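Close look at the chain arrangement
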Amino acid sequence: MMSTTPRVARASRLLLALLLVAAAPRANGQGGADPLPSWNDGPAKQAITSFVQRVTAPGGPDFVPVEDRIAAFDNDGTLWAEKPLPTEVYFVLARVRELAARDPSLAGRQPFKAALEGDAAYFHEAGPEAVLQLLALTHAGMTQEEFAYDALRFLASERHPALHRPFTGAVYQPMLELLAYLRANGFQTWISSGGTLDFIRVFAPVTYGVPPERTIGSELQRQSRRAAGRLSIVRLPRPEHLNDKDGKPVGIDRHIGRRPLLVAGNVLSGG
């Protein structure tokens, strides 16, 4: 379903720009005595390295074959910063401002009202459902390629309002090291986010080194359509799956089909 349309060509240039502006250093997990140099030397780091050594030691009592070494990571507050708001919320807010400039009446309707007023408490209380609702209202009707282009354009041009750096730099270096360390020891690393699958598919390969096919997230319903001899996948304004709280084990089962050996998350978001 890819083509050499001008939009796709622009998306390729944006991806190159995004790679150049990514501010977070990337650890490769190899070649150094300490695979987790940003971690404090304490019980958490020791537990991680001990666990990895045990499950990768051939012939050991806890050895796990490579095909079963699966690690699933939460995203908001675990891999990228979620305060004052997660990265994807800022992406949606940018689209809301574009739409409100065309239709000022949106300013009096929720969730547009909270978005335009910067009411972070509204979104923290309403949870991912509110973000998914906004996404359906602002990005439905687009093809998947059009959505990916918008996401790339946002990541390549906008900066985090509190940290004053590219959003690709609003991530946690210790967790980048952990992802790389696990991959260097034969683990598949997966992202399981309450955010949307499609936005994470754009963000994760560049910033986390996680390919699109190893991302799990909330989803809108989609439909295939053919126009001018070309087949496209179009986003519909209806939720398909909310990948948060009890929905996360369901999402993991849908996409991975087996129980992860390691999971990582934070208690702050409750997801």
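Everything in this summary refers to the structure shown in the same document. Quantities reported herein were computed from a predicted structural model and do not represent experimental measurements. (Residues numbered from 1 in each chain as written. Predicted model: local features only at pLDDT ≥ 70, side-chain atom pairs only at ≥ 80, totals over all residues. Heavy atoms only, no water.)

Section: the nonpolar core
Nonpolar side chains in soluble globular proteins tend to be buried together. Where we set the bar: We define a nonpolar core as any set of buried Ala, Val, Leu, Ile, Met, Phe, Trp, Tyr and Cys residues linked to one another through side-chain atoms lying within 4.5 Å. Buried means the residue's accessible area, taken with a 1.4 Å probe over protein chains only, is under 20% of the maximum for its type, while exposed means over 50%, and partly exposed covers the values in between. Counting from the N terminus, the helices are DSSP H or I runs at least four residues long and the strands are E runs at least two residues long. Throughout, a residue-residue contact means that at least one pair of heavy atoms, one from each residue, lies within 4.5 Å.
Counting residues in hydrophobic clusters, the biggest one holds 57 residues, and the most contacted among them are Phe73, Leu178, Leu182, Ile191 and Tyr208. Considering every element that reaches this core, the biggest residue donor is helix α3 (residues 87-102), with eight residues. In contact with leucine 182, not counting residues within four places along its chain, are Val52, Ala71, Phe73, Phe187, Thr189 and Leu262. Within the second largest apolar cluster, six residues are counted, among which are Ala72, Trp190, Ile216 and Ile252.

A look at the side chain of serine 218
Note the following rule: Between N or O atoms, a polar contact is any pair within 3.5 Å; within protein, one atom must be a potential hydrogen donor and the other a potential acceptor, and residues adjacent in sequence are included only when both atoms are from side chains.
With respect to the helices and strands, serine 218 occurs in strand β3 (residues 215-227). Note on serine 218: relative accessible area 1%, which makes it buried. At a separation of 2.8 Å, a polar atom in the side chain of serine 218 contacts the main-chain carbonyl oxygen of glycine 194. When neighbours within four sequence positions are excluded, serine 218 is seen to be in contact with Leu132, Ser193, Gly194, Gly195, Thr196, Leu197, His241, Leu242 and Asn243.

Quick look at the packing of aromatic side chains
Put simply, the rule reads: Each Phe, Tyr or Trp ring, with Trp reduced to its six-membered ring, pairs with another whose centre is within 6.5 Å; inter-plane angles below 30 degrees give stacked pairs, above 60 give edge-to-face pairs, and intermediate values give tilted ones. Definition used: whenever NZ (Lys) or CZ (Arg) falls within 6 Å of the ring centre and also within 35 degrees of the ring normal, the charge is taken to sit over that ring.
One pass over the structure, following the stated rule, counts eight aromatic pairs. The interplanar angle of 85° and the centroid separation of 5.6 Å between the aromatic rings of phenylalanine 91 and phenylalanine 147 together place this pair among those described as edge-to-face. Placement of the pair is phenylalanine 91 in helix α3 and phenylalanine 147 in helix α7 (residues 144-157), with a sequence separation of 56 residues. Looking at phenylalanine 91, the relative accessible area reads 3%, which means it is buried. Aromatic ring contacts, followed pair by pair, group Trp80, Tyr90, Phe91, Phe147, Phe154, Phe167, Phe199, Phe203 and Tyr208 into a single cluster. Note that arginine 235 overlies the ring of phenylalanine 147, its terminal NZ or CZ placed 3.9 Å from the centroid.

As for helix α6 (residues 128-139)
This is how the line gets drawn: To estimate the expected span of a helix, subtract one from its residue number and multiply by 1.5 Å.
Compared with an ideal rise of 1.5 Å per residue, which puts twelve residues at 16 Å, α6 spans 16 Å between its outermost C-alpha atoms and is within 8% of the ideal. Along α6, the residues classified as buried are Ala130, Val131, Leu132, Leu134, Leu135, Ala136, Thr138 and His139. At the exit of α6 stands glycine 141, carrying a positive phi of roughly 85°.

What about the packing of α3 against α7?
Quick reminder of the rule: Convention adopted: a line fitted to C-alpha atoms gives each axis, helices being fitted over their contacting stretch, and angles between N-to-C directions are expressed from 0 to 180 degrees. Angle categories: roughly parallel below 35 degrees, roughly antiparallel above 145, roughly perpendicular from 65 to 115, and oblique for all the rest. Residues are sorted three ways: Asp, Glu, Lys and Arg are charged, Ala, Val, Leu, Ile, Met, Phe, Trp, Tyr, Cys and Pro are nonpolar, and all the rest, Gly among them, are polar.
For the pair α3 and α7, the least separation of the axes is 11 Å and the interaxial angle reads 105°. Accordingly, the angle class assigned to the pair α3 and α7 is roughly perpendicular. On the side of α3, the interface is formed by Thr87, Tyr90, Phe91, Ala94 and Glu98, while α7 contributes Phe147, Asp150, Ala151, Arg153, Phe154 and Leu155. Its residues assigned to classes, the contact of α3 with α7 shows seven nonpolar, one polar and three charged.

Overview of the sheet that holds strand β2 (residues 188-196)
Operational definition: We treat two strands as partners when DSSP finds at least two bridges between them.
In space, the five strands of this open sheet follow the order β4-β3-β2-β1-β5, with mixed pairing throughout. The open sheet terminates on both sides in strands that have one partner only, identified here as β4 (230-241) and β5 (262-264). Between one strand and the next, the sheet's axes are offset by a mean angle of 40°, whatever the strand orientation. The pairing of strand β1 (residues 70-73) with β2 spans four bridges and is classified as parallel. Each bridged residue has a counterpart across the sheet, and for isoleucine 70 the counterpart in β2 is glutamine 188.

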